[in-house]
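# Descriptive analysis of the structure
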Amino acid sequence: MKILFLILLFYNSIFSEIPFLESIDYDNPDLKKLREDIKHNLRVSKSFKKNETLVPIRFIKYKVKEGENFFKIMTRTGMDIDTLSSVNSLSSPQDIYTGMILLIPNMRGIYDSEEIPNNEKGRARLAKKYNMDESLFIFEDKIRNEWLVPGRTLGKIEKSFFYGLAFIPPLKTGFITSNYGTRTDPFTLKKTFHGGMDIAAYEGTPVYAAASGEVRFAKEKGGYGNLIVLRHNLGFETRYGHLSKILVDKGVKVQKGELIGKVGSTGRSTGNHLHFEVRRFSKNQKPEFYKHM
């Protein structure tokens, strides 16, 4: 516990040293400098010329103001979807909210998801992986302790998750009785946070995998009743609760749209429905579907 406290203290001290960008108005000199650095670093990372160097990486903080959204902040700062989402571990444009503090680097790029060591062999491995000169890679040890790959963008799979294209509705019939967010708890009648969505349907209605993945849990669990947890790419998982029947076993790989269970009212439930959750790195996310219900 003491070690964790010291780590958090160290992280917070680093975070507090990062300067704030007060506004994203185009006449803000700090914003102009940020955009100039981003433009220069992008040109260098794309040119493959060894006689030019990147402006050293630095971060700024920006506090989201009322009325601002992901795309306005991205455009004004000279960022792109890939960098802003990768650096801030955003899973969708809807993750942005008023008062949120975003980290914005002075270069476009993405963090490499592999655990590649910070040494010359690691650089050589990255150079081969991305077909880039070894000197361009940056081991960013202020925020994430991961390799930052300048100028690179997210792949198709990552973008499909970010835009909500990776998930399909888990039921073909039914209607939403409780959405993600604050609601009145049906048992306590108090305002509580609801980490998923409830979809009412008849008992026995087929439940389908919202995305391809691996079954990491398939049995009864407390208030969830009969629960299936599927693990997907990029730290995502989906949860299917209150099932009357579980039709898959732990460790099995399933495809998007595959039958995995049936609707029920097991656990802490007031009637037949599916409780559906999306999480990323154990943090609840708002479910977004390619085909909205």
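The text that follows walks through the structure, step by step, so that each part is easy to find.

About the thresholds
Residues numbered from 1 in each chain as written. Predicted model: local features only at pLDDT ≥ 70, side-chain atom pairs only at ≥ 80, totals over all residues. Heavy atoms only, no water. Helix = DSSP H or I, 4+ residues; strand = E, 2+ residues; numbered from the N terminus. Contact = heavy atoms within 4.5 Å. Buried < 20%, exposed > 50% of the residue type's maximum accessible area, 1.4 Å probe, protein only. Pairing = 2+ DSSP bridges. Axes fitted to C-alpha atoms, helices over the stretch in contact; angles between N-to-C directions. Parallel < 35°, antiparallel > 145°, perpendicular 65-115°, else oblique. Nonpolar A, V, L, I, M, F, W, Y, C, P; charged D, E, K, R; others polar. Salt bridge = Lys/Arg side-chain N within 4 Å of Asp/Glu carboxyl O. Phe/Tyr/Trp six-rings, centres within 6.5 Å; stacked < 30°, edge-to-face > 60°. Lys NZ or Arg CZ within 6 Å of the ring centre and 35° of its normal. Arc of directions from axis to C-beta. Polar contact = N/O pair within 3.5 Å; in protein donor to acceptor, adjacent residues only side chain to side chain.

## Structural notes on the side chain of E237
If you trace the backbone, E237 turns up in strand β13 (residues 236-246). Excluding anything up to four places from it in sequence, E237 contacts R216, V229, L230, R231, H232, E277, V278 and R279.

## Concerning the pairing of strand β9 (residues 197-200)
Alternating residues of β9 divide into M197 and I199 and D198 and A200, and every residue in both groups is buried. Where strand β6 (residues 175-178) and β9 come together, three bridges link them in antiparallel fashion. Within β9, the residue paired with I176 across the bridge is I199. In this structure, β9 lies alongside strand β16 (residues 273-280), joined through four bridges in antiparallel fashion. Bridge pairing in β16 links I199 to L274.

## Quick word on the sheet that holds strand β3 (residues 109-111)
Spatially, three strands are ordered β3-β5-β4 in an open sheet, and the strand pairing comes out antiparallel. The strands lining the two open edges of the sheet, one partner per strand, are β3 and β4 (138-140). On average, each strand axis in the sheet is tilted by 30° relative to the strand beside it, whichever way the strands run. Two elements, β4 and strand β5 (residues 146-150), share three bridges in a ladder whose sense is antiparallel. Counted as the bridge partner of I138 is L148 from β5.

## So, the packing of helix α2 (residues 29-47) against helix α3 (residues 70-77)
Where α2 contacts α3, the axes come no closer than 9 Å and their chain directions differ by 75°. In this view, α2 runs roughly perpendicular relative to α3, as classed from their interaxial angle. Together, L31, L34, R35 and I38 of α2 and T75, R76 and T77 of α3 make up the contact between the two elements. Residues that form the contact of α2 with α3 fall into these classes: three nonpolar, two polar and two charged.

## Some points on the pairing of strand β1 (residues 59-63)
Among the five residues in β1, four count as buried, and that is most of the element. Relative to strand β2 (residues 101-105), β1 runs antiparallel, the two being bridged by five bridges. Across the sheet, residue F59 finds its bridge partner in β2, namely P105.

## Structural notes on the pattern of salt bridges
Note that side chains of opposite charge can pair when their charged atoms are close. Counted according to the given criterion, the structure contains eight salt bridges. In this structure, K33 engages D37 in a salt bridge whose closest nitrogen and oxygen atoms are separated by 2.7 Å. Note that K33 and D37 are positioned in helix α2 at a spacing of four residues, about one turn of the helix. What makes D37 buried here is its relative accessible area of 5%. When salt bridges with common partners are traced through the structure, they connect K33, D37 and R58 into a single cluster.

## Comments concerning the packing of aromatic side chains
Inspection of every chain in the model, using the stated rule, returns five aromatic pairs. Both rings, one in Y130 and one in F137, keep their centres 6.1 Å apart while their planes meet at 45°; by these two values the pair is tilted. For F137, a relative accessible area of 1% corresponds to the buried category. Relative to F236, the ring of F167 lies with its centre 6.0 Å away and its plane at 65°, an arrangement referred to as edge-to-face. You can see F167 sitting in the loop between α6 (156-162) and β6 and its partner F236 sitting in strand β13, a full 69 residues away along the chain. The exposure class of F236 is buried, given its relative accessible area of 3%. A cation sits over an aromatic face here: K172 above Y208, 4.8 Å from the ring centre. Here the basic side chain of K221 rests over the ring of F217, its NZ or CZ set 5.6 Å away from the ring centre.

## Overview of helix α5 (residues 120-130)
All of the buried residues in α5 are G122, L126, A127 and Y130. The arc that holds every buried residue of α5, seen down its axis, measures 140°, which confines them to one face. For α5, exposure combined with an orientation more than 90 degrees from the buried face picks out E120, K121 and K128. Taken together, the buried residues of α5 touch β5. Of the residues that open α5, the one with a side-chain oxygen 3.2 Å from the backbone nitrogen of K121 is N119. Immediately beyond the C-terminal end of α5, within one or two residues, lies N131, with a positive phi of roughly 55°.

## So, the environment of L103
Following the sequence through the fold, L103 ends up in strand β2. For L103, a relative accessible area of 6% translates into the label buried. C-alpha of L103 to C-alpha of K63: the two residues are 40 residues apart in sequence and 9.1 Å apart in space.

The quantities given are spatial measurements derived from coordinates; they are silent on function.
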